[in-house]
Amino acid sequence: MKKSELQKPIKDIIRKYGFERVKGDDYLVFSKSGNVKLILRIPDGKRGFILGAQFSGFGYFDGVFSHAAMKQYDYAYELAFGIKKDYSESEIIIITEKVCSDYLSYIEYGLDEIKKRIDEWTFGDFDENYRDKTLRFLGLPGIDPYSEEYFNNTLAQMSNGGFISIPKEEYLEHKDYYDRFADYGGTISVDNKKEMTNISFPGIRKWYQQ
């Protein structure tokens, strides 16, 4: 179906919830508190609804979707196949109302609702440091860099090779934790001259060859 046919009922509905066009397929609404900008990217025939959030006093607050501090993909497949499928107008209306109804709590309660539903959001470009800063800004516990979750995430990031560089003092204080990386193919070397410790990973393919 045509993009215009898909989007017309969507636009009519989201405007009732206060969303106003920023540019392209992006629409913006402020939370009632005024300190959260919610940017909704509506379906274009190839993808569904994606919601971005920006916070006053933290990073960008310009309403640009690509600058969103966090994104929510729960409805990324709703009305996502318009390029291949013809949705009826009633189907588009029902789904869009469902999406907006769910997002209404973000408009009403802003940061409080985002904190309450934090597990439904992704952070920046899936960067752990950025995620930690965002959590702390929201008043939530930051990432524990010595947790099992963090260890496993680091291993996943290093599956195709890479390295970690940390101060030697940091390594010695948490030696038991960092030495575990050697069990998964990591090579640990201490640079006494620079007072740094490096943990390098050859990549998962090389691990299998050993």
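Please refer to the structure placed before this passage.
Rules used in this analysis
Residues numbered from 1 in each chain as written. Predicted model: local features only at pLDDT ≥ 70, side-chain atom pairs only at ≥ 80, totals over all residues. Heavy atoms only, no water. Helix = DSSP H or I, 4+ residues; strand = E, 2+ residues; numbered from the N terminus. Rg over C-alpha atoms; globule rule 2.2 N^0.38 Å. Buried < 20%, exposed > 50% of the residue type's maximum accessible area, 1.4 Å probe, protein only. Contact = heavy atoms within 4.5 Å. Areas by Shrake-Rupley, 256 points an atom, 1.4 Å probe, with all protein chains shown as cover. Lys, Arg positive; Asp, Glu negative; His and termini not counted. Charge placed at Lys NZ, Arg CZ, Asp CG, Glu CD. Polar contact = N/O pair within 3.5 Å; in protein donor to acceptor, adjacent residues only side chain to side chain. Pairing = 2+ DSSP bridges. Axes fitted to C-alpha atoms, helices over the stretch in contact; angles between N-to-C directions. Phe/Tyr/Trp six-rings, centres within 6.5 Å; stacked < 30°, edge-to-face > 60°. Lys NZ or Arg CZ within 6 Å of the ring centre and 35° of its normal. Left-handed = near helix turned anticlockwise from the far one by under 90°. Nonpolar A, V, L, I, M, F, W, Y, C, P; charged D, E, K, R; others polar. Core = buried A, V, L, I, M, F, W, Y, C linked by side-chain atoms within 4.5 Å.

Attention now moves to the overall build of the chain. Tallying secondary structure elements over the chain gives seven helices and nine strands in all. On C-alpha atoms alone, the chain measures out to a radius of gyration of 22 Å, which is more than a quarter above the 17 Å that the 2.2 N^0.38 rule sets for 210 residues. Along the first, second and third principal axes, the C-alpha atoms of the chain reach 65 × 40 × 25 Å. The buried share of the chain, taken over its 210 residues, is 40%. Residue pairs at least 24 apart in sequence account for 52% of intrachain contacts in the chain once pairs closer than 6 positions are excluded. Only carbon and sulfur atoms are counted for the fraction: they give 50% of the accessible area of the chain, which is about 12,100 Å². Each charge class in the chain was averaged separately, 30 positive and 34 negative side chains, and the resulting centres sit 7 Å apart.

So, about the side chain of Lys 37. For Lys 37, the location among the structural elements is in strand β3 (residues 36-41). From its side chain, Lys 37 meets the backbone oxygen of Phe 61 in a polar contact 2.8 Å long. Not counting residues within four places of it along the chain, the set of residues in contact with Lys 37 comprises Leu 28, Val 29, Phe 30, Gly 52, Ala 53, Gln 54, Phe 61, Asp 62 and Gly 63.

Spatially, three strands are ordered β7-β9-β8 in an open sheet, and the strand pairing comes out antiparallel. What marks the edges here is a single partner per strand, and that holds for β7 (162-167) and β8 (187-191). For this sheet the average axis-to-axis angle between neighbouring strands, irrespective of direction, equals 20°. Here five bridges tie β8 to strand β9 (residues 196-201), and the two strands are oriented antiparallel to one another. Residue pairing in the sheet places Ile 188 in a bridge with Ile 199 of β9.

Moving on, we come to the sheet that holds strand β2 (residues 26-30). By definition, the strands of a sheet pair up through backbone hydrogen bonds, in either a parallel or an antiparallel sense. Taken together, six strands build an open sheet; the order of strands is β1-β2-β3-β4-β5-β6 and the sheet is antiparallel. Two strands close off the open sheet at either side, each with one partner strand: β1 (20-23) and β6 (122-123). Its contacts with the sheet place helix α2 (residues 89-116) against β2, β3, β4 (50-55) and β5 (70-72), and it is angled at close to 135° to β3.

Below, the discussion takes up the packing of aromatic side chains. Throughout the structure, instances matching the rule amount to 17 aromatic pairs. Consider the rings of Tyr 146 and Tyr 177, whose centres lie 5.5 Å apart with planes at 90°: the pair is edge-to-face. Separated by 31 residues along the polypeptide, Tyr 146 in the loop between α3 (128-137) and α4 (148-157) and Tyr 177 in helix α6 (residues 175-179) bring together distant segments of the chain. The residue whose ring lies beneath Lys 37 is Phe 61, and the NZ or CZ to ring-centre distance is 4.6 Å. The aromatic ring of Phe 151 is capped on one face by Arg 180, whose charged end is 3.9 Å from the ring centroid.

Our next topic: the environment of Thr 154. For Thr 154, the position within the fold is in helix α4. When the C-alpha atoms of Thr 154 and Ile 164 are compared, they prove to be 9.3 Å apart, with 10 residues separating the residues in sequence. If sequence neighbours within four positions are ignored, Thr 154 has contacts with Ile 164 and Phe 181.

Here we come to the packing of helix α1 (residues 3-16) against α2. Orientation of α1 relative to α2, taken along the N-to-C sense of each, is 35°, at an axis distance of 9 Å. In the packing of α1 onto α2, the handedness of the crossing is right-handed. Facing Glu 5, Leu 6, Pro 9, Ile 10, Ile 13, Ile 14 and Lys 16 of α1, the residues of α2 in contact are Glu 89, Ile 92, Ile 93, Thr 96, Glu 97 and Cys 100. Classifying every residue of the contact of α1 with α2 gives eight nonpolar, one polar and four charged.

What follows covers the nonpolar core. Core analysis: the biggest nonpolar cluster contains 35 residues, and Phe 55, Met 70 and Ile 114 have the highest contact counts within it. Listed by contribution, the elements that provide at least two residues to this core are α1, β2, β3, β4 and α2. Sort the elements by how many residues they give to this core and α2 lands first, with eight residues. For Ile 114, the residues in contact, after removing those within four places along its chain, are Val 36, Ala 53, Phe 55, Met 70, Tyr 106, Trp 121 and Leu 138. Residues Phe 151, Leu 155, Tyr 171 and Phe 181 belong to the second largest nonpolar core, which totals 11 residues.

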